[in-house]
Amino acid sequence: MHRHHHPHIPGKLRSLRRTPDNRVLGGVCGAVSSATGIDATWVRIGFVLLSICSGVMVFVYAMAWLLIPMEGETSNIYSRAISDRHGIRLIAAVLVPLLIALSLITSTLHLGFVGFIGWPTFLAIGVVVLIWRNANESEKAFIDHDVVPLLGADTHGEGRRWLLARVALGVLVGAGGIVLLVEGHTTVAALRPVGGAALVVAASVIIFGPWWLSLVRDLIAERQARALAEERAQMAAHVHDSVLQTLALIQRSSDDPQNVVRLARAQERELRAWLFEGRPPGAIGEDATMLGEGVGVLQRQVEADHGITVQVVMVGDCELDDALCALLDAAREATVNAAKWSGAEQVSVYAEVEPDTVMLYVRDRGRGFDPDAVPEDRQGIAQSIRARMARFGGSVVIRSAPGEGAEIELSMSRRERVR
Amino acid sequence: MSTGPDSVTPRPSGRPRIFLVDDHAVFRAGVKAELGEAVEVIGEADEAAAAVELVNERLPDVVLLDVHLPGGGGHAVLRGVLPHHPEVQFLALSVSDAPEDVIDVIRAGARGYITKTISGPELLQAVYRVAAGDAVFSPRLAGFVLDAFAQTGAPPADLDPELDQLSPREREVLRLIARGYTYKEVARDLSISAKTVESHVSSVLRKLQLSTRHELTRWATDRRLV
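In this report, the structure presented in the accompanying data block is examined. The shown structure was predicted, so the numbers you read here are calculated from the model rather than taken from an experiment.

## Here we look at the overall build of chain B
Regarding its fold elements, chain B presents eleven helices and six strands. Looking at chain B as a whole, 54% of its 226 residues qualify as buried. Working note: accessible area of chain B is about 10000 Å², and carbon and sulfur atoms make up 53% of it.

## Some details on the interface of chain B and chain A
Counting residues at the interface gives 15 residues for chain B and 17 residues for chain A. With both sides pooled, the region where chain B packs onto chain A buries about 1400 Å², and carbon together with sulfur makes up 42% of that total. Of all residues in chain B, Arg140, Arg175 and Arg179 of chain B bury the most surface against chain A, accounting for 37% of the area lost on that side. Put simply, chain B and chain A have five salt bridges between them. Across the pair Glu404 of chain A and Arg188 of chain B runs a salt bridge, and its minimum N-O distance is 3.9 Å. Where chain B touches chain A, the interface holds nine residue pairs in polar contact (both at pLDDT 80 or more). Where the side of chain B that touches chain A is concerned, the elements lending two or more residues are helix H6 (139-148), helix H8 (168-178) and helix H9 (183-190) of chain B. Its residues assigned to classes, the side of chain B that touches chain A shows four nonpolar, five polar and six charged.

## Some remarks on a nonpolar patch on the surface
Taken together, the side chains of Ile38, Trp42, Ile45 and Leu49 of chain A make up a nonpolar region of the molecular surface, amounting to roughly 440 Å² of accessible area. Checked against the element boundaries, Leu49 of chain A lands in helix H2 (residues 40-53).

## Description of the sheet that holds strand S4 (residues 89-94) of chain B
Residues and elements named next belong to chain B. Pairing in this open sheet of six strands is parallel, and the strands run S2-S1-S3-S4-S5-S6 from one edge to the other. A strand with exactly one partner marks an edge of an open sheet, and here the two such strands are strand S2 (40-45) and strand S6 (136-137). Of the strand pairs in this sheet, S4 and strand S5 (residues 112-115) are connected by four bridges, and their pairing is parallel. Each bridged residue has a counterpart across the sheet, and for Leu93 the counterpart in S5 is Ile114.

What counts and how
Residues numbered from 1 in each chain as written. Chains lettered and ligands numbered in written order. Predicted model: local features only at pLDDT ≥ 70, side-chain atom pairs only at ≥ 80, totals over all residues. Heavy atoms only, no water. Helix = DSSP H or I, 4+ residues; strand = E, 2+ residues; numbered from the N terminus. Buried < 20%, exposed > 50% of the residue type's maximum accessible area, 1.4 Å probe, protein only. Areas by Shrake-Rupley, 256 points an atom, 1.4 Å probe, with all protein chains shown as cover. Contact = heavy atoms within 4.5 Å. Buried area = accessible area lost by both parts, 1.4 Å probe. Salt bridge = Lys/Arg side-chain N within 4 Å of Asp/Glu carboxyl O. Polar contact = N/O pair within 3.5 Å; in protein donor to acceptor, adjacent residues only side chain to side chain. Nonpolar A, V, L, I, M, F, W, Y, C, P; charged D, E, K, R; others polar. Patch = residues over 30% accessible without salt bridge, like charges linked within 9 Å, V, L, I, M, F, W, Y side chains within 5 Å. Pairing = 2+ DSSP bridges.

Printed below as a string of structure tokens:
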């Protein structure tokens, strides 16, 4: 935890962070969303509704933008803005007369609601200008690109004429709406204020609509680009982790053809499973839903980890449940055991799904052992295989003799019988 | 056995005469190196038409046949040779483990199926076994057969028990082969002779080739064979 000095952020809010990945304007709603767990879209809708009901929320938003630091930064924009004397003086010089004019107009015309929305809005605009002056480079670029077009500052020629026409039309419609609203105070026609409000909304759509649309479009494009980039990164990571590593291993063991074959085979299986079956390498129960898939996972894992060929033969298939996952875990234990101790180059795994039971045999032609006189360390493994199976009512038979290889027979009765 | 003018009468006990059909030169070279002096390689081909012509001309004891070939696949070679020279034995080799490919070549007349990852001594043993007229079942093929001949609920009335069902003994033999047992180990485990194991396997092969079980015909139809 950073115990940096933030004089204007109370303790609990200190962990709030705005992220560039989740923002429409300043990223404040995104920060609230990740702090509370509420979906960002709902937070945004809430903010907009509250802003319409009381203009104060616009000001609150601007202040939050100023005070909540960007992710990965320890200081907020406020800490820089406070020393921007020139900016503060400039904003005060514009805002103070504007606000005085606003309060004069609203009080003489009895337009309390205009002041209600106007005051915080003007203040918020002042704060945003302050943010723009003091934001870091990347945030400044974002504001230039997505917020400034609102002012029409970077629009020229055809676009500028279109913008002027739009603003003119918007102002006209908006004025009409305000006139109707004002008249609503003196006439009894109940529908008029409603019509006026509709006109004000229409005006804002005309003026700001294209900007909103381009904002949304940019946001979607940015999300898609990010998803694509993530996928590419994942692909690169996978190719690096498995394919390149395997190629390096193959180069190093070029004088050991057997090892080359094994590495190539394991890699091929893994790539196939990943590309065509969409299965990442991992835990058996996690990425397999059928017994056959689970045995495939077991095969890949043991081949990759222990440098041994696992030959799999499946007869029938069924869905995995807890008992069968335990059977697979026990089978993996037995296969790993064979890979480590038998000295054989190949382990055969045979699984057969019968109507009442699933049988699984793990067999090797290695040095074998006397099941009645196994050394302590192997006893442990045998016990763990037995314990796993016993927990779900399965049974284990071990057949082996010195020099004769070994076969572990696992059987588990099926809970859900077919037919 | 053979009626070809320039063919020596093949002796299963002697060096079998082998023909290689595979579109990968590297693989053909690898097989030749692994089999070494134990066999006589009398020719190779890398596509179906050339293979049919050369095999019909040279009449080898055993053709090692890749399942996937340019110009028609392994079964095209089987169809081009077996009607004229049924004495030629085919052993199918594949990297593919897809059941339809395997069943396909077996039903077209191959005497056995092994995967290309098989070890040298095992390959040699399989070649000898096929040359002697026996069937070669890899564990995987045994698994496929058990799967295809699985006992499904109530057997349909039109099922011919002679062809469409495995006997309990055949099932036991196949299960042990699928578990990775050699024929000798199967014989010992079931207390029967190795010869009896071979006759069970040959009987299963015959059923596999002649049965009309819908699982088999479906696999074959998928490959547009029937």
